[in-house]
Structure formats: structure tokens, C-alpha cells
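# Commentary on secondary and tertiary structure
Next come the chains, spelled out residue by residue.
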Amino acid sequence: MTAVTRAVRAFGHFWWDFLVGDTPEVALAVGVIVGLAFLLAGQRVVGAILLPLVATVFLFVSTYRGRRRAPRP
Amino acid sequence: MHTSSTLILVLAVFAASLVEMVEALTIVVAAGVSRGWRPALEGAAAALAVLGVLVLVVGLPLIRYIPLDALRVVVGALLLVLGLSWLRKAILRASGHKDPHDEDKIFAATVAELSAENGGAAAAPTAAGTKKHDGVGFAVAFKGVFLEGTEVVLIVVSLGAAQHRLGLAALAAAAAAALVAVVGLLVARQLSEVPENTIKTVVGVMLTSFGLFWVGEGAGVHWPGGDLAIPVLVGFFVVVFFALTAFMRTQLPAPAAEKAAP
């Protein structure tokens, strides 16, 4: 493997780990929020209410997924 | 740009840099104690220089050549990824679902690992300090500062570029790094007393608020009150943090719940 290939792979790994890593739901949340923001372009109150609410729902889901579970008997 | 959003920008960058540099200091001190101070400090300085160059190389073209609205959506999305991840981790830690960040533990593990590579015993700082050059000590310190600093670079470039305040953002990050370096040198040990988890919570709230604001702004959503929406978002996510933390405490399995109870 050449030095350039290694560098490209390392760069790709860095961004994959940063954007997705072990919490793909966070990446999904950001995708949904960006899409929703474009859909709500020009809106005032609806956008200001919906965007934080969607972020909160995804944060709840992601946090709940990361909870400590009781060991199986 | 409103004063409140500038203030929040400085605070967010300063706090993010502070917390990451405290983590980096732990690795540098561990490298210094076990492999010698000279290579450790050289490694840390080299990493800081590379990070500074990265801010210039990535940040300046962003400000000059990318349309502001597109830039705000992209950096807003990046800030949201960082902010939601930090906030998620902070909630899990505060509610007892994840162990708090422990600098003492990381320090002990790094020293043990480096000492083992050094021939089974930790070299005395004075003896190690006389070594001409130690590639391992340099590399460990460089890697520690560089990896911890990468997130700071992302935050500096994102927040600085979106508000066209790259210089101010870089200055806030550099001030935090200098503060940690001076305090670290004075006490010559890792700063385990710094309330890292609390600072991470604050930064998580700020990055999420900024990220959401810039994504909306860049996409064309009109925030009521303009920039004043940022402190409102900060307040909202503080409430969300406490509410989710309280809820997650009720979800602890029995033995962990007893351990986490105050």
C-alpha cells in the first residue's frame, strides 16, 4: 500500500469515525435536521420550534440506546 | 454580529479547548515523567504548531471562497455532530450510565505503558530529562496533543468561519491551551481537579445551540430575534440536559442505581 493510499484511508477513517462512529443515530439526526431546515426555509416560528424539538427527540433516542443494561441472568 | 453570540463563541471555543488540552496535558505529563521532559515538550509544541497551521490552511480558504449560507449549513452540521455527541456522553455520565472521565486512571495507564516500553521501570524525571532524544516520548506527546486538538481545530474553524471571526476563535483556543500549559508546568502533573465532565456538558450545549442556529440560518429559516435566538437555544438545551439526565437515572439497572445514588 502506497503512502498516498494510506493517507487517504486514514483520512476516510477519521471522517467516518467522526461523523458516524458508534452513534450512527447522531449522523442520521444531523441529516434529518439539515433536510428539515431546507424544507422550512422562509418559516419563522415553525422552524424555530421544530428544529430544537427534532434535535431533542434524536438526543433522547441516542442516549436511551447508550444506557447501561442489567446483565443477563 | 450580536455581542451575546460573540461572547458565546469565545466561551464555547475557550471551554472546548480547555477540556481537550487538559486531556492532552495528562498524556504529555505521563510521557514526560516516564520518557523524559524534553521529547515530551517538543512533541507537544510540534503538535500545537501543526494544529495552528491547520486552522490557517483550512479556515482561511473557507472564509474566502465558500458562500456564507453554504458554509453555515456545513459548519452547523459539523457542530451539531460534535455538540450532540458531547451532550449525549455528558447525559450518560451524569446519570450514571457511563463512567466519568478519569484523568488519574488515564495518567496511570499511560505511565505504566510507557514505562514498560522503557525497560520495565519508570525512569526518574531528572535522569530521563538528560536523555538526548526519545522518539517514543516525542511521538506519544505529539499524538496526544494532536488528536485531542483536532476537535478543537474543527470547533475553531467551524465557529470562526461561520461568524467570520476565525482570529477571535483561534485566539480563544490558544488562550485556553496556554492557560493549561502554564498551570500544568507550574504543578507539573495532570489536572485531575478540573471539572471536565461539567465543562464538556457546557460545551455540548453551546455547540448544539450554535450548530442548530447555523443550519437553520444557512438553509433560510428565520429565527425570531435573530442572533438572540442563540442564548434562547442554550437555555433550552440546558433544560433538555437536566430533564434527560433525570429520566436516564430512572433507567439504571438496580446495582448501578445504588452506586449512582448520591
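Details of the structure are given in the entry above.
Residues numbered from 1 in each chain as written. Chains lettered and ligands numbered in written order. Predicted model: local features only at pLDDT ≥ 70, side-chain atom pairs only at ≥ 80, totals over all residues. Heavy atoms only, no water.

## Topic: the overall build of chain A
Of regular secondary structure, chain A possesses 3 helices and 0 strands. Beginning at the N terminus, the succession of helices and strands in chain A can be written as α-α-α. With the C-alpha coordinates aligned to their principal axes, the bounding extent of chain A is approximately 55 × 50 × 10 Å. (Helix = DSSP H or I, 4+ residues; strand = E, 2+ residues; numbered from the N terminus.)

## So, the interface of chain B and chain A
In this complex, chain B contributes 38 residues to the contact, which on the side of chain A involves 35 residues. Buried area between chain B and chain A, both sides added, is near 3,200 Å², and the carbon and sulfur share of it is 79%. Sorting the residues of chain B by area buried against chain A places Val81, Leu84 and Arg88 of chain B first, and these three jointly supply 19% of that buried surface. Connecting chain B to chain A are 2 salt bridges. (Contact = heavy atoms within 4.5 Å. Buried area = accessible area lost by both parts, 1.4 Å probe. Salt bridge = Lys/Arg side-chain N within 4 Å of Asp/Glu carboxyl O.)

## Digging into the pattern of salt bridges
Residues and elements named next belong to chain B. On inspection of all chains with the given rule, the structure shows 5 salt bridges over all chains. Linking glutamate 23 and lysine 200 is a salt bridge whose minimum nitrogen-to-oxygen distance equals 3.4 Å. Of this pair, glutamate 23 sits in helix H1 (residues 3-35) while lysine 200 sits in helix H8 (residues 196-219), and the two are 177 residues apart along the sequence. Across this residue pair, the class does not change: glutamate 23 and lysine 200 are buried. In this structure, glutamate 42 engages arginine 38 in a salt bridge whose closest nitrogen and oxygen atoms are separated by 3.1 Å. Residue glutamate 42 and its partner arginine 38 are located together in helix H2 (residues 37-65), separated by 4 residues, close to a single helical turn. (Buried < 20%, exposed > 50% of the residue type's maximum accessible area, 1.4 Å probe, protein only.)

## Some points on the nonpolar core
Among the nonpolar cores identified, the biggest contains 94 residues, and Leu159 and Leu212 of chain B are the most heavily contacted of them. If one sorts the elements of this core by residue count, H1 of chain B sits on top with 16 residues. Among residues more than four places away in sequence, those in contact with leucine 212 of chain B are Ile33, Leu51, Pro52 and Ala55 of chain A together with Leu80, Trp223, Leu233 and Phe237 of chain B. (Core = buried A, V, L, I, M, F, W, Y, C linked by side-chain atoms within 4.5 Å.)

## Overview of helix H9 (residues 229-249) of chain B
Quick reminder: α-helices carry 3.6 residues per turn. Residues three or four places apart thus point the same way. Taking 1.5 Å of rise per residue, the 21 residues of H9 of chain B would be expected to cover 30 Å, and the 30 Å separating its terminal C-alpha atoms lies within 8% of that figure. The elements touched by buried residues of H9 of chain B are helix H3 (45-65) of chain A together with H1, helix H3 (68-94) and H8 of chain B. (Expected span 1.5 Å × (residues − 1).)

## A short note on the environment of phenylalanine 60 of chain A
In this fold, phenylalanine 60 of chain A is placed in helix H3. When its relative accessible area of 30% is taken as the criterion, phenylalanine 60 of chain A is described as partly exposed. Taking the C-alpha atoms as reference, phenylalanine 60 of chain A lies 43 Å from threonine 2 of chain A; in sequence the two are 58 residues apart. Among residues more than four places away in sequence, those in contact with phenylalanine 60 of chain A are Leu244 and Phe247 of chain B.

## A few points about the packing of H1 of chain B against H8 of chain B
All names here are of chain B. Taken N-terminus to C-terminus, the directions of H1 and H8 make an angle of 140 degrees; their axes are 9 Å apart at the nearest point. As judged from the angle between their axes, H1 and H8 are oblique. Two packed elements cross with a definite hand, and for H1 against H8 that hand is left-handed. Contact with H1, carried on its side by Ser5, Ile8, Leu9, Leu11, Ala12, Ala15, Ala16, Leu18, Val19, Glu20, Val22 and Glu23, involves Glu196, Ile199, Lys200, Val203, Met206 and Phe210 of H8 and no other residues of that element. In the contact of H1 with H8, the residues fall into 13 nonpolar, 1 polar and 4 charged. (Axes fitted to C-alpha atoms, helices over the stretch in contact; angles between N-to-C directions. Parallel < 35°, antiparallel > 145°, perpendicular 65-115°, else oblique. Left-handed = near helix turned anticlockwise from the far one by under 90°. Nonpolar A, V, L, I, M, F, W, Y, C, P; charged D, E, K, R; others polar.)

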